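Now for the letters of each chain:
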Amino acid sequence: MNAAEQKAEITTALTIGKFDGFHLGHRILLDDIINESRSKGYRAICLKIKTDEDSIFTEIDDEFFFYNFLEEADISLDYLNLEDICTMTAEEFVRDILVYKYNVKYISVGQDFRFGAKRSGDVSILQQLGEKYGFECNIHEKLSQGGEIVSSSLIRKYLSEGCINKANELLGRNYSILGDVEPGLQLGRTFGYPTINVGYEHNRLLPRFGVYSSNVYIFHEGGTPELYRGVTNIGIRPSIDDGEVPTVETFMLDYSGEEIYAKRVLLELEHFIRPEMRFDSIDELTKQIALDIESVKTRL
């Protein structure tokens, strides 16, 4: 049985892309297929292209928000392996994947969408094939925010500079780190500021080393996450041990509960307080931590 004889019965509205660094530009595409599927009775599908490239953030927390959005919006998620489709001609990709496998009636993509072997297909070819195979194309211009094009590379730049507010604006959410609480050196508690160490994927992109105000969500099995305000330090702790692997440590304001080792937490970074600094003594470090905490409290 060939591909044409296997055409799906359910009609779909879909969008397609890598969706790396889930941001406002991606939200436009997803909102578009949500509206179209609801008005026409289509099934909404997001086709995520999987590659061997590392995510610019990290798989785990970027996809946390991505999956939650899809689930709440009732969008089905399917994966396409790049190696499986990179040898197809532009028309073969449209015919065999979009039309026969997904029975697409509406597709929403950005103006720079490319497909087929050697990226030979562009949006004009997609529209021509849409006329041939009977589906509508909605081509979106690049989203601008504050005079700049929203992109994963721009978000990466802002994160590296510590411009967390600007990165958050383009993400449409707070930049976050999702991980389990791990045992640390427990030095903070010796000078009155116990912290939690949050594990993370070590190939991920961390923002500029320094201190940030944060929201801390503690996940409990079967319950609603508890929210606390926090002061988060990201870096190599030059005043302590000049660690080779950066740590993510957070002091939670007004927390007096039980130990939360192995609990899953989500850190949302909101404001950049100061860059990482080296102090000549623990006393100087302790005084600065107190100032950092007061700086965060003034933002509450």
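Keep in mind that what you see is a predicted model, and the values were worked out from it rather than measured.

A. Just the overall build of the chain, in detail. Of the regular secondary structure elements, the chain holds 8 helices and 13 strands. In terms of principal-axis extent, the alpha carbons of the chain reach across some 75 × 40 × 30 Å. Taking all 300 residues of the chain together, 48% fall into the buried category. In the chain, the proportion of contacts linking residues at least 24 apart, taken out of those at least 6 apart, comes to 72%. The chain carries 32 positive and 50 negative side-chain charges, and their two centres are separated by 3 Å.

B. Spatial organisation of the sheet that holds strand β9 (residues 196-198). With antiparallel pairing, 6 strands are arranged side by side around a closed barrel as β8-β9-β12-β11-β10-β13. Strand after strand, the sheet turns through a mean of 45 degrees between neighbouring axes, direction not considered. The sheet contact formed by strand β8 (residues 176-182) and β9 spans 2 bridges and is antiparallel. By the bridge assignment, V181 is partnered in β9 with V198. Here helix α7 (residues 164-171) sits on the sheet in contact with β10 (210-219) and β13 (264-275), set at roughly 135 degrees to β13.

C. Highlighting unusual backbone geometry. Of note, N103 is a non-glycine position whose phi angle comes to about 45 degrees, a positive value. Along the chain, N103 falls in the loop between α4 (90-99) and β4 (104-110). Here the phi dihedral of D254 falls at roughly 60 degrees; this positive angle occurs in a residue that is not glycine. Inspection of the secondary structure puts D254 in the loop between β12 (247-252) and β13.

D. Molecular detail of the pattern of salt bridges. Scanning all chains against the criterion turns up 11 salt bridges. K142 is the partner of D112 in a salt bridge, and the nearest nitrogen-oxygen pair spans 2.7 Å. Remark: K142 occurs in the loop between β5 (136-140) and β6 (144-145) and D112 occurs in the loop between β4 and α5 (123-133); sequence separation between them is 30 residues. Assessed through its relative accessible area of 38%, K142 is described here as partly exposed.

E. Representation of the sheet that holds strand β3 (residues 76-81) within the structure. With parallel pairing, 5 strands are arranged side by side in an open sheet as β3-β2-β1-β4-β5. The outermost strands of the open sheet, each flanked by one partner alone, are β3 and β5. Neighbour to neighbour, the strand axes of the sheet diverge by 25 degrees on average, direction disregarded. The sheet contact formed by β4 and β5 spans 5 bridges and is parallel. By the bridge assignment for β5, V109 is matched with I139.

F. Fine view of the packing of aromatic side chains. By the definition in use, this model includes 11 aromatic pairs. Between the aromatic rings of F66 and Y67, the centroid separation amounts to 6.0 Å while the plane-to-plane angle is 35 degrees, which identifies the pairing as tilted. Judged by its relative accessible area of 32%, Y67 falls in the partly exposed class. Judged by centre distance (5.4 Å) and plane angle (20 degrees), the rings of F113 and F115 are stacked.

G. Geometry of the layout of surface pockets. For the second largest pocket, the calculated volume is near 260 Å³. In terms of residue count, the dominant contributor to the lining of the second largest pocket is β12 (3 residues). Class assignment of the residues belonging to the lining of the second largest pocket gives a composition of 8 nonpolar, 3 polar and 3 charged.

H. Summary view of the confidence of the model for the chain. Residues with a pLDDT of 70 or more make up 90% of the chain, whose mean pLDDT is 88. Ranking the elements of the chain by mean pLDDT puts helix α2 (residues 59-73) last, at 80, and β5 first, at 98. The model gives residues 1-5 a pLDDT under 50, and that stretch makes 4 contacts with residues more than four places away or in other chains.

Conventions adopted
Residues numbered from 1 in each chain as written. Predicted model: local features only at pLDDT ≥ 70, side-chain atom pairs only at ≥ 80, totals over all residues. Heavy atoms only, no water. Helix = DSSP H or I, 4+ residues; strand = E, 2+ residues; numbered from the N terminus. Buried < 20%, exposed > 50% of the residue type's maximum accessible area, 1.4 Å probe, protein only. Contact = heavy atoms within 4.5 Å. Lys, Arg positive; Asp, Glu negative; His and termini not counted. Charge placed at Lys NZ, Arg CZ, Asp CG, Glu CD. Pairing = 2+ DSSP bridges. Axes fitted to C-alpha atoms, helices over the stretch in contact; angles between N-to-C directions. Salt bridge = Lys/Arg side-chain N within 4 Å of Asp/Glu carboxyl O. Phe/Tyr/Trp six-rings, centres within 6.5 Å; stacked < 30°, edge-to-face > 60°. 1 Å grid on protein atoms, 1.4 Å probe; cavity = no way out; pocket = protein on both sides within 12 Å on 5 of 7 lines; lining within 4 Å. Points joined across faces, edges and corners; volume = space filled by probe spheres on them. Nonpolar A, V, L, I, M, F, W, Y, C, P; charged D, E, K, R; others polar. pLDDT = per-residue confidence, 0-100.

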